[in-house]
Amino acid sequence: MKLPTDHPNPLVRGLFSFWAPTKQSMRGWALASVVVNAGITVTGAGVRVTGSGLGCPTWPKCTPDSFLPVAHPEVSPLNMAVEFGNRLLTFLVLAVGVACVLSALRMTSRRPSLVRLAWLQPVGIVTQALWGGLVVNTMLNPFTVGMHFLISSGLIAACWMLYARAGEGDGPVRRVVHRDIRRLGHVLLAAVFVLLVVGVVVSGTGPHSGDVMASRFDLDIEAVARLHADIAYVVVGLSFALLFALHVSDAPRPARRAALALVVVELSQGVIGYTQYFLAVPAALVLLHVLGSTVVWIFALRAVTSLRTRTPENVPAPHSPAEAAAAV
C-alpha cells in the first residue's frame, strides 16, 4: 500500500514525514515547534495590546453559553475574534507537538532522550492552555499573564533542545570551546532569562493590560523600566564578551556565527525598546518588542548549544591531548 510519505508532492511528504521520520525530518518538526511556540507567544501579546484579553470572558467556553464566538452585549466583536483566534492557534501548536512525539517514537533507532524532550511539548501546551484559563478567571492578573509568557519561554527552550539534540548523538557532552567560555555562555543565558522576567514585570506595570478591568503591578514604571534597561546592558556586555572570547580562541565557526547573530538581534531589540519608550509605548512597537524578546531568547539558546556537542554512543572516547582537553 502506498503511504503518504511516498507521495510525489513534497508538501504532502513533509506533512506526513512524522510517520516515517528521518534525522532531517525530526529536526524539521522540532524547528517547526520552535516557530509555532514563538508565534503564539507574539499573538498572545497581540491579544493584550489590542485590549482583547477578555474578548472571550469565560474559559474554556468563549462565552458562558458557547464555545464559539457569539454576539455579547459587553464585548466588542473584534476583541472576541482576536482572543478566539489566539485560542484556536493552540490547536496548531499542539498538532506540531504531537507530530514531534510521533516522529521521536517512530524513528528507526528510537532515542529515549528525544522521546522525553518531545513529550514535553504536548504536556507543556496543555499546561499552558489550562494556565490560560487561570489568566481569564483572574481577570488578567499581571502575575498570571506574566507567567503565561514565561511558560511559553520554557516551552521554546524545550523545543530548541529537541532541535539541537536531534542533530547530535546520545554520547557524553563534549565541549567545542574552552571550559570558561562555555561557563560564560551559561551565565549569559541566565542573564537573558532574568531580562525576560524583569521585562514581564515592566509589562505588568505599564499600559496595555489587555482590558480596562485588568489590574496592574503597584510599582514605579520608571524604576522598573530603568532596571530592565540596566540588565539589558549586562546581557549585551556578556554577549560581546562571548563573541570576543570565541574569536580570540579561534572557536568553531558555527559558535562564532551564533554569538554574532545574538549580538545583532540584541542591538536591534535595544533600538526597538528605546524607540517605544520615547514614543510613549505605542501598541505596535510593544508587539514588535515582544517578538524581539522571543527572538533574543531563541538566539541565546542557539549560542549556548553551539558551544557543545554530543557524539554517538558507539564512538570511542578521545585519546589525544587536544581531544581530551575538549572533552567534558
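The rules behind each value
- Residues numbered from 1 in each chain as written.
- Predicted model: local features only at pLDDT ≥ 70, side-chain atom pairs only at ≥ 80, totals over all residues.
- Heavy atoms only, no water.
- Helix = DSSP H or I, 4+ residues; strand = E, 2+ residues; numbered from the N terminus.
- Core = buried A, V, L, I, M, F, W, Y, C linked by side-chain atoms within 4.5 Å.
- Buried < 20%, exposed > 50% of the residue type's maximum accessible area, 1.4 Å probe, protein only.
- Contact = heavy atoms within 4.5 Å.
- Phe/Tyr/Trp six-rings, centres within 6.5 Å; stacked < 30°, edge-to-face > 60°.
- Lys NZ or Arg CZ within 6 Å of the ring centre and 35° of its normal.
- Salt bridge = Lys/Arg side-chain N within 4 Å of Asp/Glu carboxyl O.
- Disulfide = S-S within 2.5 Å.

Honestly, unusual backbone geometry in this entry has me stumped. Any pointers?
For residues other than glycine, phi is negative in most cases, and the peptide bonds are mostly trans. In the segment running from tryptophan 59 into proline 60, the intervening peptide bond is cis, with an omega of 5°. Counting through the fold element by element, proline 60 comes out in the loop between helix 2 (23-49) and helix 3 (77-106). The phi torsion at histidine 208 lies on the positive side, around 60°, for a residue other than glycine. Looking at where histidine 208 falls in the secondary structure, it is placed in the loop between helix 6 (179-205) and helix 7 (221-248). For valine 281, which is not a glycine, the phi torsion comes out positive at approximately 55°. If you trace the backbone, valine 281 turns up in the loop between helix 8 (253-278) and helix 9 (283-305).

Looking at this structure, how should I read the nonpolar core?
Side chains that are nonpolar tend, in soluble globular proteins, to be buried together. Counting residues in hydrophobic clusters, the biggest one holds 68 residues, and the most contacted among them are Met26, Leu162, Leu242, Leu246 and Trp297. Of all the secondary structure elements, the ones that give two or more residues to this core are helix 2, helix 3, helix 4 (112-137), helix 5 (142-166), helix 6, helix 7, helix 8 and helix 9. With near-sequence residues (within four places) excluded, tryptophan 297 lies in contact with Ser153, Ile156, Ala157, Leu189, Val192, Phe193 and Leu196.

What's the story with the packing of aromatic side chains in this structure? I'm lost.
Pairs of aromatic rings are described using the distance from one ring centre to the other and the angle between the two planes. Per the stated rule, a full pass over the model turns up five aromatic pairs. Each ring, one from tyrosine 277 and one from phenylalanine 278, has its centre 5.3 Å from the other, and the planes form 80°; the classification is edge-to-face. On the basis of relative accessibility, which here comes to 63%, the residue phenylalanine 278 falls in the exposed class. Taken together, the ring pairs in this structure connect Tyr274, Tyr277 and Phe278 into an aromatic cluster. A cation over an aromatic ring shows up here: arginine 106 above the ring of tryptophan 19, its NZ or CZ 3.9 Å from the ring centre.

Got a minute to help me understand the pattern of salt bridges in this structure?
Between side chains of opposite charge, pairing is possible as soon as their charged atoms come close. This structure, assessed with the given rule, holds eight salt bridges. Glutamate 83 is paired through a salt bridge with arginine 87; the nearest N and O atoms lie 3.0 Å apart. Of this pair, glutamate 83 and arginine 87 both sit in helix 3, four residues apart, roughly one helical turn. Under the relative-accessibility criterion, glutamate 83 is labelled buried at 8%. Salt-bridge contacts for glutamate 168 lead to arginine 308; the nearest nitrogen and oxygen are separated by 2.5 Å. Taken together, the residues glutamate 168 in the loop between helix 5 and strand 1 (173-175) and arginine 308 in strand 2 (residues 308-310) connect sequence positions 140 residues apart. In terms of burial, glutamate 168 and arginine 308 fall into one category: buried.

Explain the state of the cysteines to me, please; I cannot follow it from the model alone.
Put plainly, two cysteines are in a disulfide when a covalent bond ties their sulfur atoms together. A full pass over the atoms with the stated rule returns one disulfide. Each sulfur in the disulfide pair cysteine 56 and cysteine 62 lies 2.1 Å from the other. Here cysteine 56 and cysteine 62 share a disulfide; its torsion about the S-S bond, -70°, makes the bridge left-handed. Classification of cysteine 56 by relative accessible area gives buried; the value is 0%. On the accessibility criterion, cysteine 62 (0% relative accessible area) is buried. Sulfur of cysteine 100: no disulfide; nearest cysteine sulfur belongs to cysteine 159 and is 6.7 Å away. Among the residues examined, cysteine 159 registers a relative accessible area of 0% and is labelled buried.

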